[in-house]
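Residues per chain are reported as follows:
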Amino acid sequence: MSVHLHVHSAFSFLDGCSYPEAIVKRAGEYGYEAIALTDHDNLCGAIRFVKAAREAGIKPILGAELSLQSRANEQAGPNHITLLAATSHGYQNLCRLITLGYEYGGRRTPATPAERLFEHSQGLIALSGCRKGEISRLLLEGRRIEARQTALEYRRIFGDRFFIELQRLFLPHERRLLSDLCALADELKIPVAATNNVHYLDRDDLPTHDILTCCRTLTKVDEPHPLRPLNAEQFLLPPQLFYNRFRTRLDALTNTDRIAATCDDNVLDMARPDIPTPAICEGTPAQFLRKLTYQGARQRYGKLTPVIEARLNHELRIIGRLRCESYFLVVWDIVREAKLRGIRTSGRGSVVDCAVGHCLGISDIDPIGANLRFERFMSLERSQMPDIDIDFPREQRDELVTWVQERYGVDHVGAVCTFSTFRARSALREIGKAMELPEDEIGLLARRLRSTNADEIAEQMEKQPQAARQRTSAKRYEHLFAMCARVAGLPRMISTHLCGIVITTHPILNYTPLQPTAKGIARIAHFDKDDIEYVGLKMDLLSLPILEAVDQAKPVCRFESIPHNDPTTFEMIRSGQAVGAFELQSPAQRALHVRVKTDSMKDIIDSIALIRPGPGMGGMVDTYIRRKLGLEPVEYMHPALEEPLKHTFGVIIFQEQVIEVACAAAKLTPGEADILRKMITHARSKKAMEELRGNFIRKALANGVERDTAEKVFKCVAGFAGYGFAEGHARAFGEIAYKSAYLLNHHPAHYLAGLLNNQPMGFYPPNTIVSQARNRGILILPLDINESHYLATSTDDAIRIGFRQARGLSDTLGRRIHSEAPFNDIRDFCERCHPAMNELEALIIAGAFDSLHPHRRALLWQSEAISKLAQRKETLRLLDIEPDSILPGQGTVEAFPDFTEAERLSMEYSVLGLNPNCHLVSLLRPKLDSYGLLTTADLAWIPGGQKVRVGGLTICPHTPPTKSGTRVLFFCLEDEFGLIDVTCFEDIYRSSGYLAFSEPVVIVEGTLQKRNLGRALLADRIMRVPQTLSREAAVEKVFSLSEPKTHSIAR
Amino acid sequence: MRYVLQKIDVHTSANGTPCEFMWRGHSYSVQRIIERWKESGCWWDREPEREVYRVLDSAGKTFELHCLYETLFTTNSEKEDNSMRLLLDSQLNRTGPGHWVLYGVED
């Protein structure tokens, strides 16, 4: 029997087509008893490979194809060598060698120094590699003596664990190469091993492999490239074919079996890892946790009542039984450090349900007072490590991660990785490029296909009118879509997970290689959020920009002291005016608050949980509103459900209520009920759901509940479970939401400046934020080279745009300008700040020099000369020559007319993403007036039910899931006076609503709806604004710009 | 190499390698296979996969023979529409699968 020892999975990133699970499955079907995984310079697929192999009863062999840089021949680039971990020590060495490769070769081009191989060779088996292996390469070049020396060197390093690798892939010059390799092996008495350098499962997968190679090498299908596969022979050979290829050299096959037998079964320890304990821990972790908890409890609650003590003891007992004390201590340690540094933190998710967490300062919500179920967070029945999610301001999160590294050791901390996979947009762009389709056509199509899998493009083209409108009838598009479907879901690259880090007790390199991140902090482990739990303690340190945005108002209002009962803030929320407030600003949220007449924190908390797919799809939102307003009686499916559901009018809106309902109806323990909730969430088939339903009904019947009622309850629970929020989470977010609304209401200039400084965040683009500010009477001051800071600054009634807002300006320059200001003129600026040409152009276009040189076109015309002169002057100064004596005069370009107002605004928008001085729609106003269109301000005095026509910008068009499954389009229509929410039902969306996705400015014809303090438009028709005037065309064009452009054309 | 690109008849051995072929009414006996490899062809243009043989005939002349297989890439609609492939083959002056082509002769 033979074994495949050189197999690439999709984790070879654009050089492999199959997931490890599929490889294992196929190997099992072929009857192989063992198989190896050898991806390029990584172990990203290791855990899932081992899990799948163990499940299939196949022996997994972990390895990698390493890029090895020989110092003697650096110009030739790295050679390949196939390394297999025979022991745990070998696996650890492999992790270290791979890590070295990234340290020496760089983030994108790993290259392990060959001279480091020896020190990490223990426990590793080496195969000489493919054609890109050093020995094969030398032989193909006819350099036999050097090939012999190399083989001897490898044997010196690995001893009898070194094998000459033979591959029969039907490539040119292969006969000679194989003959030379065999001769060398026989002469030096080095054993041989057969491999097929597998990159895909079947011959038919060759096009997929080839197109991925084109993406990797940035070549078109018609262009040759040495890395592109010549034929379709690198598939997983069935045993008989494998035998046929090597029947003249059977020892190469039997040696593969021998190698497999040499490898230990468990080179990767997948037992639950030890959790590190902070050095500060006094006594055992359990003792220290109890001490801290009770200390915190006395601070939080003052007097400890029996209820509080019972709850804390209950939680501590479960935490202890699940051996999670150290986990809590690590989180406490980090939160404590954050607070010492003045960094705002906020617990989110189910940890808010934990009273111990509250006492440790992880969350500020009191779960005992709010009656939150601890079992939603953790339970003995679920017996899993809970997730503790903590939010930090974005900028300071990195500071804390660095501190965690220092605290727990650089060798014990890593960032969790994530894999970017092919979805419709990325597949269309990358594969379309390789297949030589026009980039602009593909780009347009990709932009219009939102949230689509790469294998559903053709189907989605039918469903999404904005995409279907594009001409894609050509045959080549069918080929493109077919290729996109082939690569659907395959990983394209490894990147850093947004928030996950891992902390280990033993050195992290015992488990996973590490590679540098783009940011340079916390190297990335090769395991994603699911696999990392086998390595150490995974923690989510999330960044929540709002926590930083609210700090802008710190000088005028202390966030922690904001009162919870401010009537004007509630009035603003219930009148639908909370654009900019955290979690309350989406059209759906604003409409909800108008309907429920929000007047309390409870309404806000409920609303955060209500505007979710679960309650929305279950049709619970309308029921909740009607019951809250007393328009229909509150009913319960069973009397036992009154207690858990009475505070939400008989409607399930929180995950904790699912647990309570299941406990009440089917007499489950809270832990069992939470498991049911999780199982419903993850049920992937009708059959699985049917089983869950059967169990639930049986238990409910045994509890004396009637079958009909039990069925109804289960349906309700099942409809909700997957998409709801934990109440604790809603409370934590609700607190921030209300306080952000308070700041928006009372200190709008400071708060909105904070939002501008933390983009991207929230629902609306910067221009809408600025419009909102302007409509609130705040003066927007433009970017100014002598006045602006890096960030937007604010006073009580004005916001000054900051340099951070300018696209194309480096952070370094943006931060430096203010410290160097004031400047006498642009030359002075160039001499002292040395901007790049594109940066200087961006500043001119953004109007930063208007206060010194109001003629932007003249300045742009001179910018290159000024920049060069400044550079020259610097050089002359270094040479000790008086520079001013040779500088020419200003020139006479002022004779040219400056840009028109529309041009200035358009260009300004392209750099800043906003217009400080006016709204672009105001330029279109004469034209819109000529069509008899109303403004959003006019709608205030028009009675509801009237047919109206309004023109404006389309903001955030989206089609969320609906209960009926139909597609309803929502967007905001914005003009210089404000914005109004627009709804298009499916027929309108299909006939004209799709224009909201492609047209920056539209006219909406529809019915004005007024309810309580809010108003909205129900569209009958969406129309384009005819483009007749050049300045209007310029205005409209600029909104379709998504990328910063070069501005040379402006000259 | 002088390109010929003509369909020919080839006699093969039990393992499928060429022994003898006919071209322009003459029979050529294969003395030795110099090199042999496989190519996937331009799958994106539906070219068939092929096995390439560089052979030496009894007169010491080198020929390149291609044995053609199926193309590796078809979309679902093309699989259903067999006439499409025939059309493509005729348009691209291709020989169908399972055939031999004399690709070129070394002068």
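Here the residue numbering is sequential within each chain, running from 1 through the sequence in written order. Written order determines the labels here, with chains lettered from A and ligands numbered from 1. Local features in this predicted model are restricted to residues whose pLDDT is 70 or higher, and side-chain atom pairs enter the listing and the counts only when it is 80 or higher, whereas totals over whole chains, interfaces and linings include all residues. For the side-chain quantities, the full set of heavy atoms in the structure was used; hydrogens and water were omitted.

1. Observations regarding the overall build of chain B
No. 1: A tally of regular secondary structure across chain B gives two helices and six strands.
No. 2: Out of the 107 residues belonging to chain B, those deemed buried represent 48%.
No. 3: Residues count as neighbours in contact if any of their non-hydrogen atoms are within 4.5 Å of one another. Looking at chain B alone, contacts between residues at least 24 apart form 51% of all its contacts between residues at least 6 apart.
No. 4: Carbon together with sulfur atoms contributes 46% to the accessible area of chain B, which is approximately 5700 Å² in total. Numbering of helices and strands runs from the N terminus; a helix is a DSSP stretch of H or I covering at least four residues, while a strand is a stretch of E covering at least two. Type-normalised accessible area, obtained with a 1.4 Å probe on protein chains alone, sets the label of each residue: buried when under 20%, exposed when over 50%, and partly exposed for intermediate values. The protein chains shown are the only cover counted for residues, whose accessible areas, like all others here, come from Shrake-Rupley with a 1.4 Å probe.

2. Some thoughts on the overall build of chain A
No. 1: Check the secondary structure of chain A and you find 42 helices and 22 strands.
No. 2: The globule rule used here is 2.2 Å times the number of residues to the 0.38 power, and the radius of gyration it is set against is calculated over C-alpha atoms. Whereas a compact globule of 1051 residues would reach a radius of gyration of roughly 31 Å, chain A reaches 33 Å, a difference of no more than 12%.
No. 3: Judged by the C-alpha coordinates and their principal axes, chain A covers about 95 × 95 × 65 Å.
No. 4: With 1051 residues in all, chain A has 58% of them scored as buried.

3. Overview of the environment of Gln464(A)
Residues and elements named next belong to chain A.
No. 1: Note that Gln464 resides in the loop between α17 (457–463) and α18 (465–468).
No. 2: The exposure class of Gln464 is buried, given its relative accessible area of 4%.
No. 3: Counting along the chain gives 386 residues from Gln464 to Pro78, while the straight-line C-alpha distance between them is 47 Å.
No. 4: Setting aside its immediate chain neighbours within four residues, Gln464 contacts Arg448, Leu449, Arg450, Thr452, Arg967 and Tyr989.

4. What about the pairing of strand β22 (residues 1014–1024) of chain A?
All names here are of chain A.
No. 1: Paired strands, in this sense, are two strands between which DSSP finds at least two bridges. Where strand β20 (residues 978–984) and β22 come together, three bridges link them in parallel fashion. Bridge pairing links Thr983 to Leu1018 in β22.
No. 2: As paired strands, strand β21 (residues 1001–1011) and β22 are joined by ten bridges and run antiparallel to one another. Along β22, the bridge assignment pairs Val1004 with Ile1022.
No. 3: Counting the residues between successive antiparallel strands, the hairpin from β21 to β22 contains two residues, one of them, Asn1012, with a positive phi of roughly 50 degrees.

5. Focus: the packing of helix α12 (residues 325–340) of chain A against helix α14 (residues 394–408) of chain A
The relative placement of two packed helices comes down to the angle between their axes together with the axis-to-axis distance.
Residues and elements named next belong to chain A.
No. 1: The axes are straight lines fitted to the C-alpha atoms, using for helices just the contacting stretch, and the angles between their N-to-C directions are given from 0 to 180°. Where α12 contacts α14, the axes come no closer than 11 Å and their chain directions differ by 125 degrees. Classified by the angle their axes make, α12 and α14 are oblique. As for how α12 packs across α14, the hand of that crossing is right-handed. Counted together, Val330, Asp333, Ile334, Arg336, Glu337 and Ala338 of α12 and Leu400, Trp403, Val404, Arg407 and Tyr408 of α14 form the full contact between these two elements.
No. 2: A breakdown of the residues in the contact of α12 with α14 according to their chemical character gives seven nonpolar, no polar and four charged. An angle below 35 degrees is read as roughly parallel, one above 145 as roughly antiparallel, one from 65 to 115 as roughly perpendicular, and any other as oblique. Definitions for this section: a left-handed crossing has its near helix turned counterclockwise from the far helix by less than a right angle. A right-handed crossing has that turn clockwise. Under the grouping applied here, Gly and all other residues not named as nonpolar or charged are polar, the nonpolar ones being Ala, Val, Leu, Ile, Met, Phe, Trp, Tyr, Cys and Pro and the charged ones Asp, Glu, Lys and Arg.

6. Concerning the confidence of the model for chain B
No. 1: Confidence scores labelled pLDDT are given residue by residue by the predictor and lie between 0 and 100. Averaged over chain B, the pLDDT score is 81; the fraction of residues at 70 or greater is 77%.
No. 2: Contacts from residues 90–96 of chain B, a stretch scored under 50 in pLDDT, to residues over four places away or in other chains number eleven contacts.

7. Section: the sheet that holds strand β17 (residues 798–800) of chain A
Backbone hydrogen bonds are what pair the strands of a sheet, in a parallel or an antiparallel way.
Residue and element names in this part refer to chain A.
No. 1: Here we have three strands laid out as an open sheet, ordered β15-β17-β16, and mixed in their pairing. Since the sheet does not close on itself, it has two edges, and those belong to β15 (779–781) and β16 (793–795), each with one partner. On average, adjacent strands in this sheet sit at an angle of 15 degrees to one another, irrespective of strand direction.
No. 2: Inspection of the sheet shows β16 paired to β17 by three bridges, in the antiparallel sense. Note that in β17 the partner of Ser794 across the bridge is Ile799.

8. Some remarks on the side chain of Asn42(A)
Residues and elements named next belong to chain A.
No. 1: For Asn42, the position within the fold is in the loop between β1 (34–40) and α2 (46–56).
No. 2: According to the relative accessible area criterion, Asn42 is buried, its value standing at 3%.
No. 3: Engagement of the side chain of Asn42 in a polar contact is seen with the backbone nitrogen of Cys44, the distance being 2.8 Å.
No. 4: Ignoring sequence-local partners within four residues, the contact set of Asn42 consists of Phe11, Ser12, Phe13, Gly63, Ala64, Ile98, Tyr102 and His526. Polar contact is defined as a pair of N or O atoms within 3.5 Å, subject to the rule that within protein one atom must be able to donate a hydrogen and the other to accept it, and that residues adjacent in sequence are counted only when both atoms are side-chain atoms.

9. Examining the confidence of the model for chain A
Residue and element names in this part refer to chain A.
No. 1: Overall, the predicted model of chain A reaches an average pLDDT of 89, with 93% of residues at or above 70.
No. 2: Throughout residues 1028–1032 the model reports pLDDT below 50, and contacts reaching past four residues in sequence, or to other chains, amount to six contacts.
No. 3: Low pLDDT, under 50, characterises residues 1038–1051; the predicted model gives this stretch 30 contacts beyond four residues in sequence or across chains.

10. Regarding the sheet that holds strand β1 (residues 2–12) of chain B
No. 1: Taken together, six strands build a closed barrel; the order of strands is β1-β2-β3-β4-β5-β6 (chain B) and the barrel is antiparallel. Along the sheet, successive strands turn relative to each other by an average axial angle of 45 degrees, direction set aside.

11. A short note on the pairing of strand β4 (residues 48–57) of chain B
All names here are of chain B.
No. 1: Burial within β4 is extensive, with nine of its ten residues counted as buried.
No. 2: Where strand β3 (residues 26–39) and β4 come together, eight bridges link them in antiparallel fashion. Bridging from a neighbouring strand, Ile33 pairs with Val55 of β4.
No. 3: Turn length for the β4-strand β5 (residues 62–71) hairpin, with the two strands adjacent in sequence and antiparallel, is four residues, and the turn residue Gly60 shows positive phi of about 85 degrees.

12. Topic: the side chain of Arg856(A)
No. 1: Position of Arg856(A) among the secondary structure elements: in helix α37 (residues 856–878).
No. 2: In this structure Arg856(A) touches Ile844(A), Ile845(A), Gly847(A), Asp850(A), Asp898(A), Phe899(A), Arg904(A) and Glu908(A), once residues within four positions along its chain are discounted.

13. Here we look at a negative patch on the surface
No. 1: What goes into a patch is any residue over 30% in relative accessible area without a salt bridge, connected to like charges within 9 Å or, for nonpolar side chains (Val, Leu, Ile, Met, Phe, Trp, Tyr), within 5 Å. Between Lys or Arg on one side and Asp or Glu on the other, a salt bridge is scored when a side-chain nitrogen of the former is within 4 Å of a carboxyl oxygen of the latter. By the counting rule applied here, Lys and Arg register as positive and Asp and Glu as negative, while His and the ends of each chain are not counted. In this description, the location of a charge corresponds to atom NZ of lysine, CZ of arginine, CG of aspartate or CD of glutamate. On the surface, Asp222(A), Glu223(A), Glu436(A) and Asp45(B) cluster together into a negatively charged patch.
No. 2: Considering the arrangement of structural elements, one finds Asp45(B) in the loop between β3 and β4.
No. 3: For Asp45(B), a relative accessible area of 38% puts it in the partly exposed group.

14. A few points about a positive patch on the surface
Residues and elements named next belong to chain A.
No. 1: Taken together, the side chains of Arg425, Arg429, Arg447 and Arg450 present a region of like positive charge at the surface.
No. 2: Within the element layout of this structure, Arg425 appears in helix α15 (residues 424–434).
No. 3: By relative accessible area, which is 33% here, Arg425 ends up partly exposed.

15. Let's talk about unusual backbone geometry
No. 1: A cis amide bond links Gln759(A) with the next residue in sequence, Pro760(A), at an omega value of 0 degrees.
No. 2: Summarising the element assignment, Pro760(A) is placed in the loop between α32 (748–757) and α33 (766–775).
No. 3: Note that the residue after Ala821(A), namely Pro822(A), is joined by a cis bond; omega there is 5 degrees.
No. 4: For Pro822(A), the location among the structural elements is in the loop between α34 (811–820) and α35 (826–833).
No. 5: With phi around 50 degrees, Arg24(B) is a residue other than glycine that occupies positive phi space.
No. 6: Its location among the elements puts Arg24(B) in the loop between β2 (18–23) and β3.
No. 7: A positive phi angle, near 60 degrees, is found at Arg46(B), a position not held by glycine.

16. A few points about the packing of helix α28 (residues 670–682) of chain A against helix α29 (residues 686–702) of chain A
Residues and elements named next belong to chain A.
No. 1: Contact geometry for α28 and α29: axes closest at 10 Å, N-to-C directions at 155 degrees. By the criterion of interaxial angle, the relationship of α28 to α29 is roughly antiparallel. Regarding α28 and α29, the two cross each other, and that crossing is left-handed. Here α28 contributes Leu676, Met679 and Ile680 to the contact with α29, which in turn contributes Met689, Leu692 and Phe696.
No. 2: Partitioned by chemical class, the residues of the contact of α28 with α29 number six nonpolar, no polar and no charged.

17. A few points about the interface of chain B and chain A
No. 1: Taken together, the contact pairs 17 residues of chain B with 26 residues of chain A.
No. 2: Computed with a 1.4 Å rolling probe, the buried area is the accessible surface lost when two parts are put together, summed over both parts. Where chain B abuts chain A, roughly 1900 Å² becomes buried across the two surfaces, and 56% of that area is made up of carbon and sulfur atoms.
No. 3: For the chain B face of the interface with chain A, the top three residues by lost area are Lys38(B), Trp43(B) and Trp44(B), together amounting to 31%.
No. 4: If you look at where chain B meets chain A, you find two salt bridges.
No. 5: Counting across the chain B and chain A interface gives ten residue pairs in polar contact (both at pLDDT 80 or more).
No. 6: Of all the elements, β3(B) adds the most residues to the side of chain B that touches chain A, at six residues.
No. 7: When the residues that make up the side of chain B that touches chain A are grouped by side-chain class, the tally is seven nonpolar, three polar and seven charged.

18. Observations concerning α32(A)
All names here are of chain A.
No. 1: Taking burial as the measure, the ten residues of α32 include ten buried ones, the bulk of the element.
No. 2: Turning to α32, its buried residues number three or more, namely Pro748, Ala749, His750, Tyr751, Leu752, Ala753, Gly754, Leu755, Leu756 and Asn757.
No. 3: Tucked inside the fold, the buried residues of α32 contact α20 (545–549), α31 (727–746), α33, β16 and β17.

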